[in-house]
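Single-letter residue listing:
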Amino acid sequence: LGASKAAPVAEAVATAATSILLTYDGFFLKDSASVSGWQTKEIPWMFGSNAVLAGAALTGALAPLTGTSVRRTACIGTTTAAAATATVAFAATHLNELNHGDNAARLTHRELTEGPQSPTFLAGAGLLGTLAPAALALATRHMPSRAANMARWISAGLAATGVLHMRRSILQSGIHAPVI
C-alpha cells in the first residue's frame, strides 16, 4: 500500500483498538453490584479517556508510515494530551469518591494509593502510562523528524502499557469480599 492508501487503514486500526478498550470493561465493571470499588460513575469515563489516549498515541506513532501531514500529527499530540488530562481528572474524582464511600470503597482507595496496587496505579498507569505519553506527544512538535518518530513510538508503547496497568490495578484493588 502507498502512503495515501495506508493512512485510512492505520486510522481504522487505531480507532478499532480504542473502541474495544473503551467499551469492553468500563461499563461492565460499573454495573457489577458486588464490588463497591468498581461502582463509581467515573470508571467507564476513566477507562474511556485512557483508551482514547492510547489510541491517539498509536495513531501518532503510525502517522509517519501513513504520510499524515505535520499539522494533523500536531493535532494528534494535542488529542493525546487532552485525553491524558481527562484521565487524570477522572482518576482523581474516582479516588475521591472511593475515599468517601463505604468501608470496602475506602479499602480500595487505600490499595490504589498506599497499598500493593499503588505502584501499578500511580506509577504504571498514572506517570508512565498517562503523563509521559502526553508529554512525549506534545514534545514531538519541537523535535527533528527522526527523534519525533521515535518519541511517538515510545509514547504509544507507554500509553498501551498504561491501559493495561490501569485496568489491572482497578480489578485487583476492588475485591474485598466474595464476588458471587
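Look a little higher up for the structure.
Residues numbered from 1 in each chain as written. Predicted model: local features only at pLDDT ≥ 70, side-chain atom pairs only at ≥ 80, totals over all residues. Heavy atoms only, no water.

K.L.:
How would you sum up the overall build of the protein chain? Please name residues and give values.
P.N.:
When you go through the protein chain residue by residue, the secondary structure sums to seven helices and zero strands. Mapped from its N terminus to its C terminus, the protein chain presents α and β elements in the order α-α-α-α-α-α-α. Out of the 180 residues belonging to the protein chain, those deemed buried represent 43%. Taking the intrachain contacts of the protein chain between residues at least 6 apart in sequence as the baseline, contacts between residues at least 24 apart amount to 74%. A total of about 9100 Å² of accessible surface is found on the protein chain, and carbon and sulfur atoms cover 67% of it. (Helix = DSSP H or I, 4+ residues; strand = E, 2+ residues; numbered from the N terminus. Buried < 20%, exposed > 50% of the residue type's maximum accessible area, 1.4 Å probe, protein only. Contact = heavy atoms within 4.5 Å. Areas by Shrake-Rupley, 256 points an atom, 1.4 Å probe, with all protein chains shown as cover.)

K.L.:
Account for the nonpolar core, naming residues and giving values.
P.N.:
Among the nonpolar cores identified, the biggest contains 14 residues, and Ile43, Met46, Phe47, Leu112, Phe121, Met166 and Ile170 are the most heavily contacted of them. Elements with a minimum of two residues in this core: helix H3 (42-66), helix H4 (70-99), helix H5 (103-113), helix H6 (118-139) and helix H7 (145-173). Within the second largest apolar cluster, eleven residues are counted, among which are Ala54, Ala57, Ala83 and Ala134. (Core = buried A, V, L, I, M, F, W, Y, C linked by side-chain atoms within 4.5 Å.)

K.L.:
Describe H6, listing the residues and the values that go with them.
P.N.:
For H6, spanning 22 residues, the distance from its first C-alpha to its last is only 28 Å, which falls clearly below the expected 32 Å at 1.5 Å a residue. Of the positions making up H6, those classed as buried are Ser118, Thr120, Phe121, Gly124, Ala125, Gly129, Thr130, Pro133, Ala134 and Ala137. (Expected span 1.5 Å × (residues − 1).)

K.L.:
Go over the pattern of salt bridges with me, naming the residues and quoting the values.
P.N.:
On inspection of all chains with the given rule, the structure shows two salt bridges. Note that Glu42 and Lys41 form a salt bridge whose closest N and O atoms lie 3.4 Å from each other. Lys41 gets classed as exposed once you look at its relative accessible area, which sits at 52%. Lys41 is the partner of Glu97 in a salt bridge, and the nearest nitrogen-oxygen pair spans 3.3 Å. Taken as a pair, Glu97 in helix H4 and Lys41 in the loop between helix H2 (26-30) and H3 lie far apart in primary sequence, 56 residues in all. For Glu97, a relative accessible area of 29% corresponds to the partly exposed category. The network of salt bridges with shared partners includes Lys41, Glu42 and Glu97. (Salt bridge = Lys/Arg side-chain N within 4 Å of Asp/Glu carboxyl O.)

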